[in-house]
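Understanding the architecture of this molecule
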Amino acid sequence: MRAHDEMYIDGAWRPAAGRDTIAVVNPADERVIARVPAGTAEDVDAAVRAARAAFPAWAATPPAERAARLTALADALAARKDTLAETITAELGSPLPLSQMVHAGVPVLVAASYAELAARYAFEERIGNSTVLLEPVGVVGAITPWNYPLHQIVAKVAPALAAGCTVVLKPAEDTPLTAQLFAEATEAAGLPPGVFNLVTGLGPVAGQALAEHEGVDLVSFTGSTAVGKRIGAIAGAAVKRVALELGGKSANVILPGADLAKAVNVGIANVMTNSGQTCSAWTRMLVDAERYDEAVELAANAVTKYVVGERVGPLVNAAQQARVRGYIARGVEEGARLIAGGPDAPLETGFYVSPTVFADVTPDMTIAQEEIFGPVVSILRYEDVDDALRIANDTVYGLAGAVWAADDEEAVAFARRMDTGQVDINGGRFNPLAPFGGYKQSGVGRELGPHGLAEYLQTKSLQF
């Protein structure tokens, strides 16, 4: 697996300040496939200084020209789609068809959407006797996760560039090769030196240095709620802006009269996608008491389609595998009924976890409250619609969810009462322009579309 042994700073690949490296492990066979530099505070400082120097000229670049560079970036990503998919499969473990269609395919659409948006966005408006300007925030420190490595990079970098910001990216240490390919794409797209910079490294070292750096104006982070709280505290002390996309424990609410078979099958598929390593996964399935037993049987049958090593890949690393298996064991200990899967490792090699479904889960159980981040579904029983709403809202999270009903109007009425940032109605399709982000401890701010662009802008008013 090809890897750069340097950082991408100020438009060039340059040696890291230190000699330490990070091993990149293929989670399917546990082999080391590459090594990348473990960035230090010195590397972060060099990258931030480059971004700061490049900011005035990039901010002054007409939006149409920024849009042209984003179009070129989308084209460069599309040209590398096969290589990106193969790389994501190697370092994340995602089955290749998923890597091709979702991991490598969706980011091209998102990058293109920001090219179009930058070209037509109203960066100023008249309000009475004032002209209101929407200006770039400045230097963005983007810290991205491993579960959707390219998508999360594009969802931060593309709107930042569209706004006129410059960027320093610190990708997850498990999936840095994808970030290096993205850096190559920015080169091919003709971005000016310093507009985009890449520092690979560990979160407690490079990530913290980036969040703390006085030259960073906004920190955009996707990851755990615990780390998000830490970044929020760092940013708060410096009075700098943050955008935080954090954890989730989303409810898949199946109302009486809904198409039960479809809702259960789509719900199981939703959680099994990416081996359950999706913050917005509908990990809690809520079913009315009258149809509960039928739903459990449907779920038990549906999960058999997800074969380990074929449709379900490994988890990203050994620690994540141990964490998820621990949650499954905890579910059994607390009295949930195991109807599929279990805590035992299904294969001798690779960080795999069996697709697991629990029945008779109560809202107070650990598996119903905490984010597991693995292929684990909990099925909960409710007595009436108000009880379903109470259970759906009964977590510290509020990222996503789903509602199934006999008609869309009924589902929408329920969704309006949910404390969550995004709800799919009767199997609604993904929309790359719709805002994505959470309520409560699921985060602050939004990604994608015009709302995602707004995160990287600040407001100035001129009175006449």
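Residues numbered from 1 in each chain as written. Predicted model: local features only at pLDDT ≥ 70, side-chain atom pairs only at ≥ 80, totals over all residues. Heavy atoms only, no water.

As named in an unreviewed UniProt entry, the chain is Aldehyde dehydrogenase family protein, taken from Streptomyces californicus.

Some words on the sheet that holds strand E19 (residues 424-425)
What the 7 strands build is an open sheet, ordered E14-E15-E16-E13-E12-E18-E19; its pairing is mixed. One side of each edge strand has no neighbouring strand; the edge strands of this open sheet are strand E14 (337-340) and E19. Here 5 bridges tie strand E13 (residues 284-288) to strand E16 (residues 376-382), and the two strands are oriented parallel to one another. Note on E16: the bridge partner recorded for Arg284 is Ser378. Most of the contacts of helix H12 (residues 318-333) go to strand E15 (residues 356-361), to which it runs at about 30°, and overall it touches E14, E15 and E16. The sheet strands contacting helix H14 (residues 385-392) are strand E12 (251-254), E13 and E16, and the helix crosses E16 at an angle near 145°. (Pairing = 2+ DSSP bridges. Helix = DSSP H or I, 4+ residues; strand = E, 2+ residues; numbered from the N terminus. Contact = heavy atoms within 4.5 Å. Axes fitted to C-alpha atoms, helices over the stretch in contact; angles between N-to-C directions.)

Some thoughts on helix H1 (residues 41-60)
Across its 20 residues, H1 extends 29 Å between first and last C-alpha, which sits within 8% of the 28 Å expected from 1.5 Å per residue. Taken as a whole, H1 carries its principal kink of about 40° at Ala54; the proline Pro56 stands between one and four residues after it. When we look at burial in H1, the residues that qualify are Asp43, Val44, Ala47, Val48, Ala50, Ala51, Ala54, Phe55 and Trp58. (Expected span 1.5 Å × (residues − 1). Bend = angle between axes of the 7 residues up to and from the residue. Buried < 20%, exposed > 50% of the residue type's maximum accessible area, 1.4 Å probe, protein only.)

Some details on the UniProt feature "active site" (unreviewed entry) in the chain
Following the UniProt record, the feature "active site" (unreviewed entry) maps to Glu245 here. In this structure, Glu245 sits in strand E11 (residues 241-245). Of the residues examined, Glu245 reaches a relative accessible area of 3% and is grouped as buried. (UniProt positions renumbered as here; feature names shortened; annotations may be inferred.)

Looking at the packing of aromatic side chains
Counted under the stated rule, the structure contains 5 aromatic pairs. Measuring from ring centre to ring centre gives 5.1 Å for Tyr8 and Trp13, while their planes differ by 55°; the resulting arrangement is tilted. For Trp13, a relative accessible area of 18% corresponds to the buried category. Here the aromatic residues Tyr8, Trp13, Phe182 and Phe196 are joined through ring pairs into a cluster of three or more. (Phe/Tyr/Trp six-rings, centres within 6.5 Å; stacked < 30°, edge-to-face > 60°.)

With respect to unusual backbone geometry
In this model, Glu30 sits at a positive phi of 70°, which is unusual for a non-glycine residue. The topology assignment puts Glu30 in the loop between strand E3 (21-26) and strand E4 (31-37). Given the relative accessible area of 37%, Glu30 is considered partly exposed. Of note in this structure, Leu448 is not a glycine but carries a positive phi near 80°. With respect to the helices, strands and loops of the structure, Leu448 is situated in the loop between strand E21 (443-444) and helix H16 (449-454). For Leu448, a relative accessible area of 4% puts it in the buried group.

Regarding the pairing of strand E18 (residues 401-404)
What you see with E18 is no split at all: Gly401 and Val403 on one side and Ala402 and Trp404 on the other are buried throughout. Judged from the 4 bridges that link them, E12 and E18 form a sheet pairing that is parallel. Looking at the pairing, Asn252 lines up with Ala402 of E18. By the bridge criterion, 2 bridges tie E18 to E19 in an arrangement that is parallel. What sits directly across from Val403, in E19, is Ile425. One crossover worth recording links E18 to the parallel E19 by way of helix H15 (residues 408-415), and it is right-handed. (Right-handed = clockwise from strand over helix to strand, strands pointing away.)

As for the nonpolar core
If you look at the biggest cluster of nonpolar residues, it comprises 63 residues, and the most contacted ones within it are Leu70, Leu77, Phe182 and Phe196. For this core, the element with the highest residue contribution is helix H6 (residues 149-163), accounting for 10 residues. Apart from residues lying up to four places away in sequence, Leu70 is in contact with Ala111, Tyr114, Ala115, Ala118, Ala158, Leu161 and Ala162. Residues Leu315, Val353, Tyr382 and Ile391 belong to the second largest nonpolar core, which totals 29 residues. (Core = buried A, V, L, I, M, F, W, Y, C linked by side-chain atoms within 4.5 Å.)

A look at the packing of helix H2 (residues 63-79) against helix H5 (residues 105-120)
The N-to-C vectors of H2 and H5 enclose an angle of 165°; their axes lie 8 Å apart at closest approach. Judged by the angle between their axes, H2 and H5 are roughly antiparallel. As for how H2 packs across H5, the hand of that crossing is left-handed. For the pair formed by H2 and H5, the contact residues are Pro63, Ala67, Leu70, Thr71, Ala74, Leu77 and Ala78 on the first element and Val108, Ala111, Ala112, Tyr114, Ala115, Ala118 and Ala119 on the second. Looking at the contact of H2 with H5 residue by residue, the class counts come to 13 nonpolar, 1 polar and no charged. (Parallel < 35°, antiparallel > 145°, perpendicular 65-115°, else oblique. Left-handed = near helix turned anticlockwise from the far one by under 90°. Nonpolar A, V, L, I, M, F, W, Y, C, P; charged D, E, K, R; others polar.)

Examining the side chain of Gln180
Inspection of the secondary structure puts Gln180 in helix H7 (residues 176-188). If sequence neighbours within four positions are ignored, Gln180 has contacts with Ala3, His4, Glu6, Trp13, Val36 and Leu198.

Re the packing of helix H10 (residues 260-272) against helix H11 (residues 292-302)
Taken N-terminus to C-terminus, the directions of H10 and H11 make an angle of 45°; their axes are 9 Å apart at the nearest point. When the axis of H10 is compared with that of H11, the two are oblique. The two elements H10 and H11 meet at a crossing, and its hand is right-handed. Within the contact between the two elements, H10 uses Leu260, Ala261, Val264, Asn265 and Ile268 and H11 uses Glu294, Ala295, Leu298, Ala299 and Ala302.

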